[in-house]
Every structure is written in structure tokens, then in C-alpha cells.
Amino acid sequence: MANNNTTTADDGSSSSLQKVNDRIIIVQVINAIFIYIICLLIFTFFKKDTFLSNTRYVFFAHTLLADCLYLIMTNNLLLLTYFSVTLPAAVCVVFCVLLSELTFVTPLTLTAMSLERYVAICMPLRHGELSTVRRAIHCILLIHSISAIQPIIIVSIFFASVPLGFYTQYKLCSAEMFIAHKWQRHLRSVIGQFYFLVMSITIVFIYVRIIAVAKEASDNKKSLSKGRKTVILHAIQLFLCLIQLWCPFMEAAILPINLKLYIDVRFFDYIVFILAPRCLCPLVYGLRDEKFFLAIKYYVFFGVNKNISPIITGHMKT
């Protein structure tokens, strides 16, 4: 009987390990595919001078770089967590601060891109003056400064709450390691929700104005339909980013109750609320953009299709 129990336990353990390994493989495959797509888009951006001199594409490239780094870092964090690899707390602090900042970079850049489109459509006479590469770079620096506010506040409180000996201890890297007091979790949530509330209101207002102006200025139903679809994709991406802020709280509540359920929820949250929003960006701005799509198509086939090259050149001039 003891042997049977041991066998059953071993089978259960092997099954659980196999399930985790399968999930790790799935995540690695998804990450590899989208990191490849993002790298291809970044390569395309730097190969065309027209993209380098266009504010909208500069913001797009910044989003791609931030998303690529974010996917790599979250994937590494996932692997460290699943395989219970500990790191010095000081290293974890730096890692989590960078990751926390990158969490806000993408939605803030989306907001900046929306403002650029608002100026282009609603203020066309001032677009050339306001929308320059230099201003875009200044805006990107501002985005990183705003993104760093929340992690700086949380880490400053954390530094004042733990002894110096804490930083030499080996820990599993997690955002929860910064929570020394309950109220810190609420403060983090308030700051995050305020950011996304402001960004959501801004994007909704901008796109309502863009659609209204486009409807009055043109009877092109196809263009209007494309604009509405873009708005929907923006809303989905922003909503998923917003839900991501709630994930640590849900996971922390489930962990003491059921470890298996915690692992399942953590995996689901990672796929739906971390990977999905970052994968939508190439879809919205890269593959749906005619100029970018033609350029990507050309480089994917390494210029084998000679008929594409003149088409790209013609679009670049318009």
C-alpha cells in the first residue's frame, strides 16, 4: 500500500512538473514569436530614413523597444519564479524598478501618439511646427520621467522601512517584496489607477474628436471604419494594461488559499494581461500601417520580390 501511495505521489508530482514545463514552453514560443516580430519592425524602422524623420514612427519605435525589453524582463522573471531561483535583494530592487517603469511607458507613449494624431488631423496648419523629431525625443524623456514616479515613491518608502541587511539576502524577485506595510499596496494602486484614468480620458477625448473631424471633412467610409477599428484596439490594449495593475492583488489573495490555483491564475494573468497588450502594438501600428507593412514585406523576402521595392519608394515620397 505504501508503495502504491508513493507511486501515486510520484505520478502526481511528475504530472505537475510536466504541466509547468509545458506552460514554460508555451510562453517561450509566444515570446520568441512576438520578440522576432518586434525586432523585425525595429530593423525596418532604422532602415528607412523616412521613418526616422517622422514623429509618429519615432514614437512607434520607442514603444517597440520598450515592449521588447519588457517582454524579455518579464519572461526572465517568470523563469526565475517557476524554477525558484533567488537573487540578492539589491539586484531584485533594480530589476523590479526597471520593470515597473516599463509598465507605464507603453500606455504613456500610446497617449503621446494619440496627441500627435490629434494635432495632425484637428490642427493641420500647426502640425509641422508642433510635431518634430526633436519634440518627440523631449516627449519620450518626459514619458520616462513620469513612468519613474511610481517606482521611485514605492522604493523610497521601501528603503526607509527595511534594514540594510535585507539587501544582501537572497530573495525571489517579485513586486510584492516591496510591500513592507499594507498601506503601501493601496498607495501603489492609487498612483497606478490615477495614471490610467488620466490616459483613458485623454485617449477617449482625442479619438472622439478625430472621428468627428474626419466624418465632417471626408465621406470616405473605409477610412472612418479603419479609424474606429483602431480606437477599439487601443481601448482593448489600454484595458488589458489597466487590469495588469490588479493582478498582483488577486494573486496575493489566492496564494494562501491554494497554491495550484495561484500558479494557474498567475499563468493566465501573464498571457492575457502582460503578453497580450504588448503583442497588440505591432498589430495596430506595424502590420496595419500600409507603409510599414510594405517595408516589412520587402525585408522579409530580402528584396526577392523586385516589384515591391518601387511601390515602397512611391509610398515613402507621399
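- Going by an unreviewed UniProt entry, the protein chain carries the name Odorant receptor 131-2-like and comes from Salvelinus namaycush.
- Per UniProt, the protein chain has the following entry under Subcellular location (unreviewed entry): "Membrane".

1. Observations regarding the confidence of the model for the protein chain
Reasoning step 1: Averaged over every residue, the pLDDT of the protein chain is 78; the share at 70 or more is 82%.
Reasoning step 2: Here helix H13 (residues 308-317) stands out as the least confident element of the protein chain, with mean pLDDT 47; helix H6 (residues 133-147) is the most confident, with 94.
Reasoning step 3: Counting interchain partners and residues more than four positions distant, the pLDDT-below-50 stretch residues 1-18 has zero contacts.
Reasoning step 4: Here residues 304-313 scores under 50 on pLDDT; set against residues more than four positions off or in separate chains, the count is ten contacts.

2. A few points about unusual backbone geometry
Reasoning step 1: In this model, Ser 84 sits at a positive phi of 55°, which is unusual for a non-glycine residue.
Reasoning step 2: Its place among the elements puts Ser 84 in the loop between helix H3 (55-82) and strand E1 (87-88).

3. Describing the packing of aromatic side chains
Reasoning step 1: All told, the structure shown has 14 aromatic pairs when counted by the stated rule.
Reasoning step 2: Ring geometry for Phe 158 versus Phe 159: centroids 6.4 Å apart, planes at 45°, classification tilted.
Reasoning step 3: The partly exposed category is assigned to Phe 159, whose relative accessible area is 44%.
Reasoning step 4: Consider the rings of Phe 268 and Phe 273, whose centres lie 6.0 Å apart with planes at 85°: the pair is edge-to-face.
Reasoning step 5: Of the residues examined, Phe 268 reaches a relative accessible area of 48% and is grouped as partly exposed.
Reasoning step 6: Directly above the ring of Tyr 57 sits Arg 56, whose terminal nitrogen or CZ lies 4.8 Å from the centroid.
Reasoning step 7: Over the ring of Tyr 70 we find Arg 278, and its NZ or CZ is 4.0 Å from the ring centre.

4. Topic: the state of the cysteines
Reasoning step 1: Per the counting criterion, the structure on display carries one disulfide.
Reasoning step 2: Cys 68 takes part in no disulfide bond, and the closest cysteine sulfur to it belongs to Cys 39, at a distance of 4.2 Å.
Reasoning step 3: Take Cys 68: its relative accessible area is 10%, and that puts it in the buried class.
Reasoning step 4: There is no disulfide at Cys 96, and the cysteine sulfur nearest it, in Cys 173, is 5.2 Å away.
Reasoning step 5: With a relative accessible area of 9%, Cys 96 lands in the buried category.

What counts and how
- Residues numbered from 1 in each chain as written.
- Predicted model: local features only at pLDDT ≥ 70, side-chain atom pairs only at ≥ 80, totals over all residues.
- Heavy atoms only, no water.
- UniProt positions renumbered as here; feature names shortened; annotations may be inferred.
- pLDDT = per-residue confidence, 0-100.
- Helix = DSSP H or I, 4+ residues; strand = E, 2+ residues; numbered from the N terminus.
- Contact = heavy atoms within 4.5 Å.
- Phe/Tyr/Trp six-rings, centres within 6.5 Å; stacked < 30°, edge-to-face > 60°.
- Buried < 20%, exposed > 50% of the residue type's maximum accessible area, 1.4 Å probe, protein only.
- Lys NZ or Arg CZ within 6 Å of the ring centre and 35° of its normal.
- Disulfide = S-S within 2.5 Å.

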